[in-house]
Amino acid sequence: METLIPVINRLQEVFLTVGAESIQLPQIVVVGSQSSGKSSVLESLVGRDFLPRGSGIVTRRPLVLQLVHVPPLDERRKQENGNGIKQSSQNTFPGIKADEWGTFLHCKSQIFTDFSEICKEIETETDRGSGENKGISAEPIYLKIFSPNVLNLTLVDLPGITKVPVGDQPEDIESQVQEMILSFISNPNSLILCVSPANSDLATSEGLKLAREVDPDGRRTLLVVSKLDLMDAGTDALEVLLGRVIPVRLGIIGVVNRSQHDLNTHKSLADCSKDEQAFLQRHYPSLASRCGSRYLARTLSRLLMHHIRDCLPELKTRVTVLSSQYQARLSGYGQPVEDHSATLLQIVTKFASDYCNTIEGTARYIQTSELCGGARICYIFHETFGRTLQSIDPLGGLTDLDILTAIRNATGPRPALFVPEVSFELLVKRQIKRLEEPSLRCVELVHEEMQRIIQHCSSFSTQELLRFPKLHDSIVEVVTGLLRKRLPITNDMVHNLVAIELAYINTKHPDFTDAAQVSASVNSQQTEPLDGGKRWKSEEEKAAGEKTKGPASSFGSPAKAVNLLDTAVPIARKLSAREQRDCEVIQRLIKCYFLIVRKNIQDSVPKTVMHFLVNHVKERLQSELVGQLYKQPLLQELLIESQDTAQQRTEVAQMLEALQKASNIISEIRETHLW
């Protein structure tokens, strides 16, 4: 099981190169309030001074610390000399002449054997990422320390929880730090090392409060009570260490931190460790064996190994699933273009095929949210266009006075005995003309749908096309141009359909049966009884007699000349029986003939649109694309990949390579190592 922590360290190095955030690796996250002693605890685990010190907030960026146990220098030299001892997998720096050293991820080629230089590099990198005036940043610093005096561990040191902003810190510094801490400890594969000073009330510990938020059962939380030697005289932390104040499932360990006097006098950590054990033996003899920095290091190593063992099966499954997903994504991006001619022909042919299949309803990607392609064209023909025509009233816009006026205008100066046929033709043509606008609108709707099919094919059917923006734009332009050419031709043909109906009013049409019935009815009503004729004559003479008197005769004044042209034409009046009969005849004839023409238009317009627009585009699409795009000077330009596609393919390929390496690393672990 001791090999598990180095395995996680190797996995962390693999995923750091690609910035993988979807893989949550097991690690120990150190949290606590500002100046709670977190840095001193970490230094006691390493056994060297390497962390920056000072007043206020010092840790301003997360520090990911990997501790790697290596053999001492003498043993490594023996291995290099080939004394028959198998080389350690940890001996990755055979030329280093030091027992302990460190490396940073941001400067891999540089090896630090002086730990004071490591401290300076942490300060420099912190200032680079978060400024020089107490600002914070969530970008981690990755430090790896090799030493024969450490146990294999992976820890994350986070900024201390602070309340009041100082320097360049924003007003919401407290919430920013808490969000940063929560982003690390929310990882279910992490262990939480909560540091709380013994000279403060444990119930007010901010670190323990945050740990409880993400780990309410305490399965991942270990409490470290620091600064045991700074408690008030006459008090101790025995109740806290025994878990009687706040129980913590993974345990509570007390430690003694180095004082400021120890730092000023450069007291070694080895001497501090001896003094710590002496203090524990004097004040907490019953707990001395379960407290102290050495016991903390062993406990952390044991807990981390067991935690890794528990997380490893799920981690292996996660890596396998992600490998499959990224392999599919990489396949979707395709390979770099080698044969430009073949690639262009393949893309153009596939686009034309997908376009035609969308119209025919045989496309591979069929939408379920809305009608598309041929189905929508069918809906336009039979629902939108058909219902619009059905909603047109054959007599809409015609009043009885309009009909009567048309009849009078058709008879000229002579009163007509019969309804003139010219008035019928004049009025029915006016009504037939109303069918032209919805017919042209039908053409426009089909044209718009064929434009939408272009985007549908680009988005769903031809994923390869999205790799080449210029080729995509050129194909859209060619298809749009072809549709634009056919639109006026189709409109002209539809216009001609209506013009044909207007050119000749066929009153002998087989379906125009009402004409004969109306004619017979009119003829039977034209002959009136003789007394009726006499009555009409007497009424006419009476009216003429009244007219001779003049409008002013009733008032005794002499008659004056009246200009009849100045009399306004009445807008509406009551029609006589004959006028009413004539209007009804014309209305019946118009309605009958209009229905015949509407039926013809409803049938012929979809056929015209299909022939001159839809079918023509389907038949000419591929040849038009090849003719305009398959030109040698254009091949290189059209098949230039977008920067996003090339970058995403590179990133996906790197991530897939990292996942494959991770899978190989995990597969090296034998089942016996887990138990």
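Data block above holds the structure.
Orientation of helix 10 (residues 293–333) relative to helix 21 (residues 643–667), taken along the N-to-C sense of each, is 150°, at an axis distance of 9 Å. The pairing of helix 10 with helix 21 is recorded here as roughly antiparallel in orientation. Relative to helix 21, helix 10 is oriented so that their crossing is left-handed. Every residue of helix 21 that contacts helix 10 at L315, K316, V319, L322, S323, Y326, Q327, R329, L330 and Y333 is listed here: T645, Q648, R649, V652, A653, M655, L656, L659, Q660, A662, S663 and I666. For the contact of helix 10 with helix 21, the class distribution of residues is 13 nonpolar, 6 polar and 3 charged.

Evaluated as defined, the whole model comprises 23 salt bridges. The shortest N-O distance in the salt bridge between R620 and E624 comes to 3.5 Å. Here E624 and R620 lie together in helix 19 (residues 577–629), a separation of 4 residues that amounts to about one turn. Three or more residues joined by partner-sharing salt bridges are found here, namely R61, E125, R128 and E139.

This part covers the sheet that holds strand 4 (residues 107–112). Pairing is mixed in the open sheet, where 9 strands are placed in the order 4-3-5-2-6-1-7-8-9. The sheet is open, and its two edges are formed by strand 4 and strand 9 (252–254), each paired on a single side. Ignoring which end each strand starts from, the neighbouring axes of this sheet average 25° apart. For strand 8 (residues 221–226) and strand 9, the ladder comprises 3 bridges, and the chain directions are parallel. The residue bridging V224 from the neighbouring strand is I253, located in strand 9. Contacting strand 2 (63–69), strand 3 (101–104), strand 4 and strand 5 (141–147), helix 4 (residues 115–130) crosses the sheet at an angle of about 170° to strand 5. Contacting strand 1 (27–32), strand 6 (153–157) and strand 7 (190–197), helix 5 (residues 173–185) runs over the sheet at an angle of about 155° to strand 1.

Attention shifts here to empty space enclosed by the protein. Over the atoms, a rolled probe matching the size of one water molecule traces out where space is still vacant. For the structure on display, the rule yields 1 cavity of 30 Å³ or more. A volume near 40 Å³ is recorded for the largest cavity. Around the largest cavity sit I28, L191, I192, L193, R220, L222, L250, L300 and L303, which together line it. Where the lining of the largest cavity is concerned, the elements lending two or more residues are strand 7 and helix 10. Counting residues per element, the lining of the largest cavity draws most heavily on strand 7, which supplies 3 residues.

Cut-offs and rules
Residues numbered from 1 in each chain as written. Predicted model: local features only at pLDDT ≥ 70, side-chain atom pairs only at ≥ 80, totals over all residues. Heavy atoms only, no water. Axes fitted to C-alpha atoms, helices over the stretch in contact; angles between N-to-C directions. Helix = DSSP H or I, 4+ residues; strand = E, 2+ residues; numbered from the N terminus. Parallel < 35°, antiparallel > 145°, perpendicular 65-115°, else oblique. Left-handed = near helix turned anticlockwise from the far one by under 90°. Contact = heavy atoms within 4.5 Å. Nonpolar A, V, L, I, M, F, W, Y, C, P; charged D, E, K, R; others polar. Salt bridge = Lys/Arg side-chain N within 4 Å of Asp/Glu carboxyl O. Pairing = 2+ DSSP bridges. 1 Å grid on protein atoms, 1.4 Å probe; cavity = no way out; pocket = protein on both sides within 12 Å on 5 of 7 lines; lining within 4 Å. Points joined across faces, edges and corners; volume = space filled by probe spheres on them.

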